[in-house]
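# Fold and contact review
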Amino acid sequence: GAWLGSAAPPHERPGARRGAEMKKLYGNDAAKIQAMEAALQLNFDRNCDRKQPKYWPVIPLRL
Amino acid sequence: SISACNEPGTDAGSLQTEQHARSMMRERFLRCLLSMANKQIQFDMYERVKVNATFGASDIDVLNFQVSDLQTPIGVQSEALIRCQDVISYSFDM
Amino acid sequence: MNTTSAWRQRTPRDWERYVNKQVHVTAHGQQQHRGWLHTVDPVTASVVLVRLGDAAGGCSVSVVMGHAVEQVEVVGEADEETAMRLSSLFRPKEREARAGGGGGE
């Protein structure tokens, strides 16, 4: 790969980028869809923090 | 990832129609996922594996299902993550 | 041609044409699923199928993962009442007003 020196890529805010992408996909409903997704993801993250589930099966059935 | 819609000749009106179709279907799907919390779900997986579990939540990209009381062929795992890639279908009663 | 990748590569407007239709879905391993198509997730192409019970309520739901869908065949159209039942299926009754808030119309 080409080493481009010390110039790091400009910092991009992932939230802003996701917002723009959502707007493109869902138009006027973007905020509503994004809020529902955030609620679902929050449930998932909270449950995983609290319950510490382990993958089953340990090895994926389909690689 | 999500398929882009970059057909030539896509005007603002048809973009809006496409966005509307996408948001209607996504909202229905997300509400379905939300309604599954605490329900008994049967998962049909690859390699003819069938398991039952109590649904917890899914991450939004639907890569993992977080479940409880997973009845595996060799016993119950109280807390588990199922990889969506391992699943063919799942079903439940409302 | 109805291969798995073909289904996943459809556009949202293609998928929308199947909403509220009675369908047969063939999944991996020739698994057959039938029911009313409630929705297709535009992110994963997963298909939500509903088999409606009596008018009192109960119904059973099957979701076929988008990556496992091999074929979708339309076998019937919903009448108005069926379409209404399908669209109200997963709607929370009491929180509806609040959940819909936040969008400036």
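Rules of the game
- Residues numbered from 1 in each chain as written.
- Chains lettered and ligands numbered in written order.
- Predicted model: local features only at pLDDT ≥ 70, side-chain atom pairs only at ≥ 80, totals over all residues.
- Heavy atoms only, no water.
- Helix = DSSP H or I, 4+ residues; strand = E, 2+ residues; numbered from the N terminus.
- Buried < 20%, exposed > 50% of the residue type's maximum accessible area, 1.4 Å probe, protein only.
- Contact = heavy atoms within 4.5 Å.
- Salt bridge = Lys/Arg side-chain N within 4 Å of Asp/Glu carboxyl O.
- Pairing = 2+ DSSP bridges.
- Axes fitted to C-alpha atoms, helices over the stretch in contact; angles between N-to-C directions.
- Parallel < 35°, antiparallel > 145°, perpendicular 65-115°, else oblique.
- Left-handed = near helix turned anticlockwise from the far one by under 90°.
- Nonpolar A, V, L, I, M, F, W, Y, C, P; charged D, E, K, R; others polar.
- pLDDT = per-residue confidence, 0-100.
- Buried area = accessible area lost by both parts, 1.4 Å probe.
- Phe/Tyr/Trp six-rings, centres within 6.5 Å; stacked < 30°, edge-to-face > 60°.
- Lys NZ or Arg CZ within 6 Å of the ring centre and 35° of its normal.

### Thoughts on the overall build of chain B
Summing up its helical and strand segments, chain B has one helix and five strands in all. Put simply, chain B runs from its N terminus to its C terminus through helices and strands in the order α-β-β-β-β-β. Counting across all 94 residues of chain B, residues that qualify as buried make up 54%. When contacts within chain B are restricted to residue pairs at least 6 apart in sequence, those whose partners lie at least 24 apart make up 32%.

### A short note on the pattern of salt bridges
Taken as a whole and assessed by the stated rule, the structure comprises 12 salt bridges over all chains. Among the ionic pairs, Asp44 of chain B bridges to Lys50 of chain B, the shortest N-O distance being 2.8 Å. Exposure remark for Asp44 of chain B: the relative accessible area of 12% places this residue in the buried category. Connected through salt bridges with shared partners, the residues Arg18 and Glu37 of chain A, Arg26 of chain B together with Asp41 of chain C form a single ionic network.

### A word on the sheet that holds strand 5 (residues 87-93) of chain B
On the basis of which strands lie adjacent, the open sheet formed by 11 strands has the order 1(A)-4(B)-3(B)-2(B)-1(B)-5(B)-4(C)-3(C)-2(C)-1(C)-5(C) and mixed pairing. Strands with a single pairing partner mark the edges of an open sheet, and in this sheet they are strand 1 (54-55) of chain A together with strand 5 (69-77) of chain C. Here strand 5 of chain B runs beside strand 4 (residues 59-64) of chain C; their pairing, made up of five bridges, is antiparallel. Directly across from Tyr90 of chain B, in strand 4 of chain C, lies its bridge partner Val63 of chain C. Its contacts with the sheet put helix 1 (residues 12-35) of chain B on strand 2 (50-58) and strand 5 of chain B together with strand 2 (31-40), strand 3 (47-52) and strand 4 of chain C, and the angle it makes with strand 2 of chain C is roughly 115°.

### With respect to the packing of helix 2 (residues 30-51) of chain A against helix 1 of chain B
Between helix 2 of chain A and helix 1 of chain B, the least distance of the axes is 10 Å, while the angle of their chain directions is 25°. The angle between helix 2 of chain A and helix 1 of chain B places the two elements in the roughly parallel class. In terms of crossing hand, the pair formed by helix 2 of chain A and helix 1 of chain B is left-handed. Contacts between helix 2 of chain A and helix 1 of chain B involve Lys32, Ile33, Met36, Glu37, Leu40 and Asn43 of chain A from the former and Ser23, Arg26, Glu27, Leu30, Arg31, Leu33 and Leu34 of chain B from the latter. Tallied by class, residues from the contact of helix 2 of chain A with helix 1 of chain B come to six nonpolar, two polar and five charged.

### Here we look at the confidence of the model for chain B
Chain-level statistics for chain B give a pLDDT mean of 90 and a share of 89% at 70 or above. Considering each helix and strand of chain B separately, the mean pLDDT is smallest for helix 1 of chain B, with a value of 95, and largest for strand 1 (residues 40-45) of chain B, with 98.

### Quick word on the interface of chain A and chain B
Interfaces are often described in size by the accessible area the parts lose on coming together. At the interface, 29 residues of chain A touch 36 residues of chain B. For the pairing of chain A and chain B, the buried interface totals around 3,100 Å² over both sides, and the portion due to carbon and sulfur atoms is 63%. It is Leu40, Trp56 and Leu61 of chain A that lose the most area in chain A upon contact with chain B, and together they represent 25% of the buried surface on that side. Linking chain A with chain B are three salt bridges. Taking the shortest distance from any N to any O, the salt bridge between Lys51 of chain A and Glu79 of chain B comes out at 3.9 Å.

### Let's talk about the packing of aromatic side chains
Under the defined criterion, the tally for this structure stands at six aromatic pairs over all chains. Both rings, one in Trp7 of chain C and one in Tyr18 of chain C, keep their centres 5.3 Å apart while their planes meet at 80°; by these two values the pair is edge-to-face. In this pair, Trp7 of chain C is assigned in helix 1 (residues 4-8) and Tyr18 of chain C in the loop between helix 2 (12-16) and strand 1 (21-27), connecting sequence segments 11 residues apart. Overall, Trp7 of chain C belongs to the buried group, its relative accessible area being 3%. A connected cluster of aromatic rings, assembled from ring pairs, spans Phe43, Phe55, Phe65 and Tyr90 of chain B. Sitting over the ring of Tyr55 of chain A, Arg83 of chain B keeps its end group 4.4 Å from the ring centre.

### Here we look at the confidence of the model for chain A
Residues and elements named next belong to chain A. Within chain A, residue pLDDT values average 85, and 78% of them lie at 70 or more. The least confident element of chain A, judged by mean pLDDT, is helix 1 (residues 14-26) at 87; the most confident is strand 1 at 97. Between residues 1-5, whose pLDDT stays under 50, and residues either more than four places distant or in other chains, the model counts zero contacts.

### A few points about the pairing of strand 1 of chain B
Residue and element names in this part refer to chain B. Two strands pair when backbone bridges link them, and strand 1 and strand 2 are joined in this way by five bridges, in the antiparallel orientation. Looking at strand 2, one finds that Gln42 is bridged to Asn52. Counting the residues that bridge the hairpin from strand 1 to strand 2 gives four residues, and of these Glu47 lies at a positive phi of roughly 60°. One ladder, built from four bridges, connects strand 1 with strand 5; its direction is antiparallel.

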